[in-house]
Amino acid sequence: MDTQTTKCQPAPGVHLDLSWLPPIGMIGLSVANFVYRLLTLGIYDFWARTEVRKRLWSAIRLDGEPLVYTGTGKELFLGFLIVFGVVLLPILFVSVAAILVFGPNSAAANLVQAAIYLGVVVLFGLGIYRAQRYRLLRTSWRGIRGSLEGRSMPYATTYFLTMLLIPVTLGWIIPWRTTKLQSMITNDARFGSEPFAFRGSSGPLYAPFAVLWFGVLALFFAASMISGIVIGTIQGALGPGGEPSEAIKQVYGLALLAVFALAYLFYLFMSAWYRARTINHFADCTFIDNARFNGRLTGAGLLWIDLTNLAILAAGSLIVMALAVAIGGLIVTIAGTIVPAGSLTPDEVTAYAATIAAPLLVVITVLSFTLLLPVTQARSMGYLINNLSLEGTLDVDKISQSTADPMATGEGLAQAFDVDAF
Amino acid sequence: MSMHSDLFHQRFEARFSDGRTAGSREIKVELTERGIAILQHEAGEPLIWPYGALATAEPLTDHAIDALVTCSYQPGATLFVQGPRFARALAKLAPQLTASAERWRSASPWLWGAVATVALSVIVWLADLSPARTIASMLPDKARAAMGRQVIASMSEGRSVCDDPSGKKALGKLTERLASATHADRPFTVVVLDWGLVNAFATPGENVVLTRGLLEAAEGPDEIAGVLAHEMGHGIELHPETGLVRAMGLAAATELLMGGSGGALGNIGIVLLQLSYSRDAEGQADDHAISILRQASVSSKGFAHFFERMSKRDGKASGGLGKGGLGGMLSSHPETGERLAKVLAAGGYDATPALTEADWSELKGICANTSPASEQSEPPDDKAQ
């Protein structure tokens, strides 16, 4: 209970229940988006992403009412075009020009390349902040918009400088860095007229981080030692100078593979556990009005979602590949009957088919993993929302529309930069 | 709308927010012929939201279990109606709000665009137009020369340039004799690399690279003259420039699709090494070679013999030659025989050896003296007009 309320008066505002209403028909949406993306040579992607966001936002319920995503595919597309023209093309041009002027692998060209990489890292922070701003501006509940009322440059600078410190501090700056970046975003965020506040420090993250850090170290030594023992045992059994047979070599390989796969699985679990601790800590530090978020994510829960999502994406990829092979076979068969006999040798037909099929196969392989991406995104977001709650009360009648003009912050050309094309 | 009359005048419980604050209140709504009627008070005129001005938080589907509706006439205000009945009725009265309608609306311009792009590509392909060739022909000479220098620099990395003075003099004579027979008023620069591979490359900006291996494999100056004339033919037709423009265009397109920082274009020499010319391009280079040799009064028999010998060798031990340059020229396509016949048939004019015996042996010894490629910042000065 805070000090503003007396015993006779209830706290102003209401408790808002945060819940997840699983979206239905995500597989159908995935397939429709995939087909449209293929037919439009990929450009539909911006609209596809927008429809997925609309569904996901709608599934998040606050007091039973959905969050609304008001962004459009056109905004994402224009944002991409601008970033492409203003950032990507100049980078491409400068790198090619540097190579042509100074020569490949010359010191000057490498210097230019290094400068470009550093610049891209600064742009990364800028991109994260601006994408966040775009998403908040395009998110509303009961018609009240979110916003991010700060400048992106301080965030980008912090992002860049603290990143340089990660190797210097052997990673120990990471908890402080992620907390700092999270607090910068949170403290700039608003829901209508109501600011969010981040109250907390990185302190509580250091114990879990130490467990992760020393755990990874211990894991590495354990894996090395166990593989050493495996090798030693086999060598010992063979006797000095004994040349291992092919079969024994295979056992070697499998044993080592098993040790490192197990170690990697342990690592995945530990990092998921740390990630869950971080998200919970950030939730607990995030306040709005008289309410505070509460996180109950677990490492096992996150790892389960990640691994099953991976399996779902792989299954989607297999389906696409199987279909592609079937359709490709059909086309070759039809082409074989259409091409007049004798005009091309079988070798040439194969060569032509390979020329056309090779780039297509690469594109289809890369794309195939995105077939069921919306399904996995819904699962990840569902897990997060199901394990978050909003405790305390919000005086909803006091919260008025954001003072940020939706036109000025949403539609103008300069603001198109804010669109998350990164 | 009369066909939907069964949907009208049913009342639904709803929550309405005016968009000024985050508060909301319970109200009743009705679907009417004119739009959604919002009954703000039991008495009094309802507020009408016309179907054409509506938007929903997510496109309406058959699975919808509720609907959040907004209206462009009243920005910020939201109407939230639970239960699938309202959502399904609304999908019938405002079909533009369904998922399939929204998808088709945003995708159809791009679908037509994709159809047009594919059609245009097919036309360009069928009409044998080459945008890369057009761009290549618009490149200023300085840019082509710079490209050539970079290609030679990256090809010769870790290798030496052969520059024995008397050998270079002999090479200069041969280059001069062939270049002056090209019709095109272009200066050609020829460089020999200390490289055992049997190969020759045309590079941008009228540059040709020969290898020590090629000089060693040749049985006389006419053979080298033939290869050189063939590569000059590629140069005159701007094949290396066209190939690089195409590769750069592809790389840029890849960057566009995948996102990147231009690293793919790093080593243009490697790009050129991996290029292979089409049969048409090889045919054009052959035609130029035949014409250059005739103009320069050099017999085309040497070229034909070298061609024949190398394609036999290539057939026996495939992989001896790279994909670019001679590799493409000598690849074991079924029409190799045809091309050979064409070169042989071009004979029948008075010819003198491409170089004197003395000059030929000087040329074969050009790699007696070498210098690291990096010292050759400028192309050798045996420019021949």
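Residues numbered from 1 in each chain as written. Chains lettered and ligands numbered in written order. Predicted model: local features only at pLDDT ≥ 70, side-chain atom pairs only at ≥ 80, totals over all residues.

Details of the nonpolar core
Generally speaking, nonpolar side chains in soluble globular proteins are found buried as a group.
All names here are of chain B.
1) Next: Within the largest apolar cluster, 66 residues are counted, with the highest numbers of intra-cluster contacts made by Leu 60, Ala 67, Leu 79 and Leu 90.
2) Next: Look past the residues within four positions of Leu 90 in its chain and what remains in contact with it is Leu 60, Ala 67 and Leu 97.
3) Next: Leu 238, Tyr 277, Val 298 and Ala 354 belong to the second largest nonpolar core, which has 59 residues in total. (Core = buried A, V, L, I, M, F, W, Y, C linked by C-beta atoms within 7 Å. Buried ≥ 20, exposed ≤ 12 C-beta atoms within 10 Å, placed from the backbone. Contact = placed C-beta atoms within 7 Å.)

A closer look at the interface of chain A and chain B
1) Next: With 43 residues of chain A at the interface, the matching set in chain B holds 40 residues.
2) Next: Listed by contribution, the elements that provide at least two residues to the side of chain A that touches chain B are helix H1 (26-39), helix H2 (45-59), strand E3 (65-66), helix H3 (73-102) and helix H4 (107-137) of chain A.
3) Next: Top element by residues in the side of chain A that touches chain B is H3(A). It accounts for 9 residues.
4) Next: The class makeup of the residues in the side of chain A that touches chain B is 25 nonpolar, 12 polar and 6 charged. (Helix = DSSP H or I, 4+ residues; strand = E, 2+ residues; numbered from the N terminus. Nonpolar A, V, L, I, M, F, W, Y, C, P; charged D, E, K, R; others polar.)

Some thoughts on the domain arrangement of chain A
All names here are of chain A.
1) Next: Per the domain assignment, the segments of chain A are domain 1 (70-200 + 395-422) and domain 2 (202-284).
2) Next: At the junction of the two partners, domain 1 supplies 8 residues and domain 2 supplies 8 residues.
3) Next: Split by residue class, the side of domain 1 that touches domain 2 holds 3 nonpolar, 5 polar and no charged. (Domains from an automatic or database assignment.)

Details of unusual backbone geometry
1) Next: Phi angles above zero are rare outside glycine, and Asp289(A) is one such case at about 55°.
2) Next: You can see Asp289(A) is positioned in the loop between strand E9 (286-288) and strand E10 (290-295).
3) Next: Despite not being glycine, Leu238(B) has its phi angle at roughly 60°, a positive value.
4) Next: With respect to the helices and strands, the residue Leu238(B) is situated in the loop between helix H7 (221-236) and helix H8 (239-258).
5) Next: Under the C-beta neighbour-count criterion, Leu238(B) is labelled buried, with 21 such atoms within 10 Å.

Notes on the sheet that holds strand E7 (residues 189-191) of chain A
Residue and element names in this part refer to chain A.
1) Next: An order of E4-E5-E6-E7-E8-E9-E10-E11 is seen for the 8 strands of this open sheet, with the pairing classed as antiparallel. Each having just a single partner strand, strand E4 (68-69) and strand E11 (388-393) make up the two edges of the open sheet.
2) Next: Across 6 bridges, E10 lies against E11 in antiparallel orientation. Paired with Asn 294 across the bridge in E11 is Ser 389.
3) Next: Where helix H8 (residues 246-284) meets the sheet, its contacts fall on E9, E10 and E11, and the angle it forms with E10 comes to roughly 175°. (Pairing = 2+ DSSP bridges. Axes fitted to C-alpha atoms, helices over the stretch in contact; angles between N-to-C directions.)

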